[in-house]
Amino acid sequence: MRQPLIAGNWKMHGTRDSCRALASAIAGDLGTLQEAEVAIFPPYPSLPEAADAIRGTGIALGAQDLHPEAEGAFTGAVSGSLLRSFDCRYVLAGHSERRRLFGETDDAVKRKISRALASDLKPVLCVGESSEQREAGDGEEIVHKQVRIALAGMDSSVATRLVLAYEPVWAIGSGRPATPEVAAEMHALIRDDLRKFFGMTEGSEIRILYGGSVTPENAGGLLGQEEIDGLLVGGASLDAASFSAIARAAVGAYS
Ligand code: PGA
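Colleague: How do you make sense of the sheet that holds strand S7 (residues 207-211) when you look at a structure like this?
Modeller: The eight strands are arranged S1-S2-S3-S4-S5-S6-S7-S8 in a closed barrel whose pairing can be described as parallel. Shown here is a sheet whose adjacent strand axes are inclined to one another by a mean of 25 degrees, direction ignored. When strand S4 (residues 88-93) meets strand S5 (residues 122-127), the two strands line up parallel, connected through four bridges. Note that in S5 the partner of Leu 92 across the bridge is Val 124. Strand contacts of helix H7 (residues 139-151): S5 and strand S6 (163-166), with the helix running at about 150 degrees to S5, the strand carrying the most contacts. Where helix H11 (residues 240-254) meets the sheet, its contacts fall on strand S1 (5-9), strand S2 (37-41) and strand S8 (230-233), and the angle it forms with S1 comes to roughly 165 degrees.

Here it is as structure tokens:
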């Protein structure tokens, strides 16, 4: 059985003090949770303090992005090996805000996944269609394409370290989450793709998270779907009580 993963993406929010306080509060609330894995993704400069706050707990640290190259003259960018040295275990790749606002292409996302794996990080590949693409009937093809390009040529041995996140762009930050049924449909398609890529066994082991306007109220319904193996939470992860309630919904849904 796949262990559910509840991930909090803090995006560009907080200060040194507020990030430390949030990490400490989450460590206090969820540090001993066994039934679900919890991961937080603070902004880069807060990683060391977040790492200190969660040390000794079961909570994992992740970063929101990395550069595809190992190192070099890339002003403003951060390498996978640096993230790893700050105790990051996970890294997001291809979040729709990176694709949309920073011009990240499917090919760049693929290179980031490879770099993350080479840096001993677990990449969380984010895919999802915009509302225009969905309305035009292209949603499934867009998601297939994002998955196909990012994973082309990858060996099945990486499957255990890979996480997928289906995040429909129209649901992110909109207060308009996908219904559990709509999300489940796309998760099933992604699962098929993963099995085609990596084989039945490995393709079945990869966790597929849902993201987009997740709240404590809708978390249980989403997690009740067979192929939804966790949640990538934005806004609601900035409040320790909300994020903890979401993580506890995972315990309820899987017990
Ligand atoms: P949201 O963001 O929960 O605020 O919609 C989710 C995400 O972008 O990962």
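Right, picking up where we left off after that structure.
Colleague: Can you help me understand unusual backbone geometry in this one?
Modeller: Leaving glycine out, the prevailing phi sign among residues is negative, and the prevailing peptide bond configuration is trans. Not every positive phi belongs to a glycine, and Asp 120 is a case in point at roughly 65 degrees. Structurally, Asp 120 can be placed in the loop between helix H5 (106-118) and S5. Notably, Ser 213 is not glycine yet its phi reads approximately 60 degrees, a positive angle. As for its position among the elements, Ser 213 is in the loop between S7 and helix H10 (216-223). Taking the relative accessible area as the measure of exposure, Ser 213 reaches 18% and is therefore buried.

Colleague: Would you take a moment to explain the nonpolar core for this structure?
Modeller: Note on soluble globular proteins: their nonpolar side chains tend to be buried together. Within the largest apolar cluster, 68 residues are counted, with the highest numbers of intra-cluster contacts made by Ile 40, Leu 164, Tyr 210 and Leu 231. At seven residues, the largest contribution of residues to this core is made by H11. Leu 164 has contacts with Leu 125, Val 127, Val 147, Ile 190, Leu 194, Ile 206, Arg 207, Ile 208 and Leu 209, leaving out every residue within four places of it along the chain. In this structure, Ala 60, Tyr 90, Leu 92 and Val 124 belong to the second largest nonpolar core, which totals 13 residues.

Colleague: Could you clarify how one ought to interpret the environment of Ala 178 in this entry?
Modeller: Structurally, Ala 178 can be placed in the loop between S6 and helix H8 (180-198). Looking at Ala 178, the relative accessible area reads 3%, which means it is buried. Residues Ala 178 and Leu 222 lie 44 residues apart in sequence; the distance between their C-alpha atoms is 8.8 Å.

Conventions used here
- Per chain, residue numbering runs from 1 following the sequence as it is written.
- Residue-level local features of this predicted model are given only where pLDDT is at least 70; pairs of side-chain atoms are given and counted only at 80 or more, and the full residue set underlies all totals for whole chains, interfaces and linings.
- Remark: hydrogens and water are excluded; side-chain values derive from all non-hydrogen atoms of the structure.
- When DSSP finds at least two bridges between two strands, those strands are taken to pair.
- In this text, helices come from DSSP runs of H or I with a minimum length of four residues, and strands from runs of E with a minimum of two, each type numbered from the N-terminal end.
- Only C-alpha atoms enter the line fits that serve as axes; for helices the fit covers just the stretch in contact. Angles between N-to-C directions range over 0 to 180 degrees.
- Contact between two residues is taken to exist if any of their heavy atoms lie within 4.5 Å; hydrogens are not considered.
- Only protein chains enter the calculation, and the probe is 1.4 Å; a residue is then buried if its accessible area is under 20% of its type maximum, exposed if over 50%, and partly exposed in between.
- Only buried residues count toward a nonpolar core, which is a set of Ala, Val, Leu, Ile, Met, Phe, Trp, Tyr and Cys residues joined through side-chain atoms within 4.5 Å.

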